[in-house]
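# Reading the structure
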Amino acid sequence: MPTPPLAGGTAGPAALRPLIDTVLTALHDGAALRDGPLPAGGPDTVTPRTRTATHPLIPDHGTGAHHALRALVTALTEGAADPAHPHCAAHLHTPPLALAAAADLAASALNPSMDSWDQAPAASALEADLTTALAAEIYPHTPSPDAVITTGGTEANQLALLLARERHGPVQTVCATNTHHSVARAAWLLGLPEPVTVPAPTGTMDPAALDDTLNRLDRPLLVVATAGTTDTGAIDPLDTIADLCATHGAELHIDAAYGGPLLFSPTHRTLLHGLHRAHSVTLDLHKLGWQPASAGLFAVPERHHLTPLHHHAPYLNADDDTEAGLPDLLGRSLRTTRRPDALKIAVTLQALGRTGLADLIDRTLTTAHHLADLITQTPTLDLYERPTISTVLFRPTDAADHTVATLRRTLLNRGHAVLGRAHAAGRLWLKATLLNPHTTPQDLQALIDLITATTTDLTVTTATTTPTPHHPTPHTEGDTPR
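Summary of the structure given here.

So, how was this worked out
Residues numbered from 1 in each chain as written. Predicted model: local features only at pLDDT ≥ 70, side-chain atom pairs only at ≥ 80, totals over all residues. Heavy atoms only, no water. Axes fitted to C-alpha atoms, helices over the stretch in contact; angles between N-to-C directions. Helix = DSSP H or I, 4+ residues; strand = E, 2+ residues; numbered from the N terminus. Parallel < 35°, antiparallel > 145°, perpendicular 65-115°, else oblique. Left-handed = near helix turned anticlockwise from the far one by under 90°. Contact = heavy atoms within 4.5 Å. Nonpolar A, V, L, I, M, F, W, Y, C, P; charged D, E, K, R; others polar. Pairing = 2+ DSSP bridges. Expected span 1.5 Å × (residues − 1). Buried < 20%, exposed > 50% of the residue type's maximum accessible area, 1.4 Å probe, protein only.

## What to know about the packing of helix α8 (residues 207-216) against helix α9 (residues 238-248)
Where α8 contacts α9, the axes come no closer than 10 Å and their chain directions differ by 15°. It follows that α8 is roughly parallel to α9 by the angle criterion. In this structure, α8 meets α9 at a crossing whose hand is right-handed. Residue-level inspection shows Pro207, Leu210, Asp211, Leu214 and Asn215 of α8 in contact with α9, the latter providing Thr240, Ile241, Leu244 and His248. In the contact of α8 with α9, the residues fall into 5 nonpolar, 3 polar and 1 charged.

So this is what it looks like as structure tokens:
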């Protein structure tokens, strides 16, 4: 077998072109075989079929590039939960824009590693400009805001707690019951006290409870607020929380992994009023930014807040190299080797501009409100509340939680729809997280019809399979009961 060609250099594109054509054909064929938002049959069907199609993964003699690409990409696509399908709406799992995926191909082909300038000369400059520009969107009134690229909200929230610890020592984190699980995990990982949790009875942090909690706790304190919860998309009262933090001398981190991109929408950015008052902010553009994962961001109002991340490794950032003018990149992440995720983000922002991104955001939020309207117009469905961003909770009227859970799994097993689940107001709800700007009103009505028909099917099945209770004839005096 000849030595396989490389992706880079002047010869790389010619080698890539026929391979990409094979991949695109396999993506098409796999989606046609799946013919829906996910494969039917559940794990018992998908797992053995995938293993059969891809076995053996390590043969003695290779099958060749085109055969391997065709077999594995087709199998993976046939067995995928495809967020580009309008009925795949369970999680904050976005359908990536084609242009962002194309940019990601270029990043993979060039393969710069963002841990030293000599591995990423242009990519490091692009990343620095992008992070500064995005930080300025969050902190428009500070002279030198900055940000670092992360793998997502979990890493960004970890950085928030880490830098608070470096500033103040063993800081006590205060959050609400609606806070993302990564905050408690970060505290555990960093050896910090377990977060103190305040109630969120309406889905958002209770300011009065926060005030009471901050009154009784010793300093230093870090309050974590949320702009877009994973369960309902709710946004905490950011300005009120910032006021309380200022009163009590606490720092504030805002997890805006979901809601942060609303900044780009003149129509909806008011939902984030007060965001700029945070000491740090999490943003995640592989949610409401339509980027392939990963595309997270951790932003601070002043560049020097990131100084504690500096790390020295002589083979990557020798002092004399830094003094000679080579940029020091190790302080831009906790990771060493990392991809140039800034490229796909920059391509998207430049291609769409502010107005194009705002249109995607507004279109998506309008779609969520249309789904809420359809639910309220359907007598057999209950809506939890009007969506804040693009998450809609609903359930069959008068259904037990067990029925709601069974309904969700039935839709999954039949390959008809991918819906999430969330607990709110003491009940289990179906969760539709709408992130596809191409979803039409007809798609939404078809989803409603699927849910109501499946609910009816389950009700009929339960009624016909439940045994009729035996009611023995009451015995009278003198009878011998059996």
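## Some points on the packing of helix α1 (residues 12-34) against helix α3 (residues 65-78)
Their axes nearest at 7 Å, the elements α1 and α3 cross at an angle of 30°. By the angle between their directions, the pair α1 and α3 is classed as roughly parallel. As α1 runs across α3, the sense of the crossing is right-handed. When α1 is examined against α3, the residues Pro18, Leu19, Thr22, Val23, Ala26, Leu27, Gly30, Ala31, Leu33 and Arg34 are found in contact with a partner set consisting of Ala65, His66, Leu69, Arg70, Val73, Thr74, Thr77 and Glu78. When its residues are assigned to classes, the contact of α1 with α3 shows 10 nonpolar, 5 polar and 3 charged.

## Some points on the sheet that holds strand β1 (residues 88-89)
Strand pairing in a sheet relies on backbone hydrogen bonds. The paired strands run either parallel or antiparallel. Spatial strand order, β1-β11-β12-β10-β9: 5 strands in an open sheet with mixed pairing. Strands with a single pairing partner mark the edges of an open sheet, and in this sheet they are β1 and β9 (381-383). Across 4 bridges, strand β10 (residues 391-396) lies against strand β12 (residues 427-433) in antiparallel orientation. Residue pairing for β12: Phe394 is matched across the bridge by Leu430.

## A look at helix α13 (residues 401-413)
An α-helical turn contains 3.6 residues, so any two residues separated by three or four positions project in the same direction. Taking 1.5 Å of rise per residue, the 13 residues of α13 would be expected to cover 18 Å, and the 18 Å separating its terminal C-alpha atoms lies within 8% of that figure. When we look at burial in α13, the residues that qualify are Val404, Ala405, Leu407, Arg408, Thr410, Leu411 and Leu412. Gly415, located one to two residues past α13, shows a positive phi value of around 75°.

## Observations concerning unusual backbone geometry
Between His55 and the following residue, Pro56, the backbone shows a cis peptide bond with an omega angle of -5°. Considering the arrangement of structural elements, one finds Pro56 in the loop between α2 (43-54) and α3. Here the amide bond leading from Arg219 into Pro220 is cis, since omega sits at 5°, within 30 degrees of zero. Structurally, the position occupied by Pro220 is in the loop between α8 and β5 (221-226). Here the phi dihedral of Trp290 falls at roughly 60°; this positive angle occurs in a residue that is not glycine.

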